[in-house]
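These are the residues of each chain, in order.
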Amino acid sequence: MFDHASMRRGITPAAGALAAVLVCCAAGPVAAQNHLCFAPRVTHAVGPHPYGVAAGDFDHDGHMDLAVSNAGGTFYNDGNGFVTVLFRDAGGFAGEASYLLGTNPGWIGVADFNLDGHPDIAVINYPDYEVTILQNDGTGVFTPQGPFGVGPAPNQAAIGDFDRDGRPDLAVVNTGPNGVSVLRNTGAGFAERVFYPVAAGEPKSIDAGDLDGDGDIDLAVGVFISANSGAVLLLRNLGGNFDAPTLITNTTGAGSPAIADLDGDGNLDLAVTNYNPRGLGFVSILINGPPGQFVLRGTYTVGSLPTRPYIADLDRDGDADI
């Protein structure tokens, strides 16, 4: 069974030439006191220009591995971009493999795109306007499939079964023209993209989930309007096709949404970062009341220039943390 929720998390920007791994050690009385602690970070060389990272058990040994996109070889955007896969065993990260992959690999995600039971890797090449799928043979050895066109200036992407055929599809935000490109997974690759224009501003981020409770996977899109204004828009999925964007909330600067059930009522809510170039940024919590109708629950200051939020139960208390 295709598990959409399991694929939404674990993709985050990286900086520098190392992948830093932080292991959460919260348990027992530490977690009970609402504190988190992390073991000392461990760094691993992944290439000179790392951009994105995603996790999956690529070799089926029961340990989560990492895939990191590198936007260039010796120089940034020099046409020698690649993906590094770091394999983890019981003792830590012990092996790696790299795959040449176009000009400037950026966004990276993990899903079983061909439904063979093995997690594959999707990577967007920004200047090439393409996405490549690295198909996993089950042992952690990958074969490139594609590339497939995703439209001009692709930024972030979201994975979801948008047409309910059991296969993970892709939704990619584009700038110039502004909009969202949806690529339907045919089982043998991806069909030609279907483009949905976004007139409100430049789309910068995206997440996917059933926000209106009808069983179809919708899209939440963060757009940049000006240095001080942005918005998060809802694109409702109407049986495999998406409706025109409607406003969920205005933001300070570019807003970036993450979808999860934050209050435990069974409806998917939103955590939205507000990128404030003139002061401290903050996260807005929007609770989904009647499905598809959002109410601001609160805001939380998080520091300067926050980008995309990620949601997981870090202290293992059964509640979603951000």
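Residues numbered from 1 in each chain as written. Predicted model: local features only at pLDDT ≥ 70, side-chain atom pairs only at ≥ 80, totals over all residues. Heavy atoms only, no water.

An account of the overall build of the chain is requested, with residue identities and associated values reported.
Each helix and strand in the chain was counted, giving one helix and 23 strands. Classification of the 322 residues of the chain by burial places 49% in the buried group. For the chain, long-range pairs separated by at least 24 residues make up 43% of all intrachain contacts whose partners lie at least 6 apart in sequence. For the chain, the exposed area adds up to about 13900 Å²; of that, 54% sits on carbon and sulfur atoms. (Helix = DSSP H or I, 4+ residues; strand = E, 2+ residues; numbered from the N terminus. Buried < 20%, exposed > 50% of the residue type's maximum accessible area, 1.4 Å probe, protein only. Contact = heavy atoms within 4.5 Å. Areas by Shrake-Rupley, 256 points an atom, 1.4 Å probe, with all protein chains shown as cover.)

Would you mind going over the environment of Pro 257 in detail, with residue names and values included?
For Pro 257, the location among the structural elements is in strand S20 (residues 255–260). On a C-alpha basis, the gap between Pro 257 and Leu 270 in space is 6.3 Å, while along the polypeptide they are 13 residues apart. Not counting the four nearest positions on each side in its chain, Pro 257 is found in contact with Ser 205, Asp 207, Ala 220, Val 221, Gly 222, Val 232, Leu 270, Ala 271, Val 272, Arg 308 and Pro 309.

Let's hear about the nonpolar core: which residues, and what values?
With 18 residues, the main nonpolar core has Phe 162, Val 180, Ile 206, Leu 219 and Val 221 as its most contacted residues. Contributions of two or more residues to this core are made by strand S13 (169–174), strand S14 (179–183), strand S16 (202–209), strand S17 (218–226) and strand S18 (229–235). When sequence neighbours within four positions are dropped, the list of residues in contact with Val 180 reads Ala 171, Val 172, Val 173, Asn 174, Val 194, Phe 195, Tyr 196, Val 198, Ile 206, Leu 219, Val 221 and Leu 235. Among the nonpolar cores identified, the runner-up in size contains 15 residues, and Ala 111, Ala 157, Val 172 and Leu 183 belong to it. (Core = buried A, V, L, I, M, F, W, Y, C linked by side-chain atoms within 4.5 Å.)

Please set out the sheet that holds strand S22 (residues 280–288) residue by residue, giving values where relevant.
Reading across the sheet, the four strands line up as S20-S21-S22-S23 and stay open at both edges, with antiparallel pairing between neighbours. The two strands at the open ends of the sheet, each matched to only one other strand, are S20 and strand S23 (294–304). Adjacent strand axes in the sheet meet at a mean angle of 20°, parallel and antiparallel pairs treated alike. Sheet topology places strand S21 (residues 269–274) next to S22; five bridges connect them, and they run antiparallel. Bridged to Ala 271 within S22 is Ile 285. (Pairing = 2+ DSSP bridges. Axes fitted to C-alpha atoms, helices over the stretch in contact; angles between N-to-C directions.)

Talk me through the pairing of S18; I want residue IDs and the actual numbers.
With six of seven residues buried, S18 lies mostly within the body of the structure. Relative to S18, S17 is paired through seven bridges, and the arrangement is antiparallel. By the bridge assignment for S18, Val 221 is matched with Leu 233. Here S17 hands over to S18 after two residues, the two strands then running antiparallel side by side.

Quick rundown of the environment of Gly 102? Include the residues and the values.
Position of Gly 102 among the secondary structure elements: in the loop between strand S7 (92–100) and strand S8 (105–111). The spacing of Gly 102 and Asp 128 is 26 residues in sequence and 7.5 Å in space, taken between C-alpha atoms.

So what's going on with the sheet that holds S17? Residues and values would help.
In any sheet, the strands associate via hydrogen bonds between backbone groups, in a parallel or an antiparallel arrangement. Ordered in space as S16-S17-S18-S19, the four strands form an open sheet in which the pairing is antiparallel. Two strands lie at the open edges of the sheet, namely S16 and strand S19 (246–251), each paired on one side alone. Geometrically, the sheet is characterised by an average inter-axis angle of 20° between neighbouring strands, direction not taken into account. As judged from the seven bridges shared by S16 and S17, these two strands associate in the antiparallel manner. Residue pairing for S17: Ser 205 is matched across the bridge by Gly 222.

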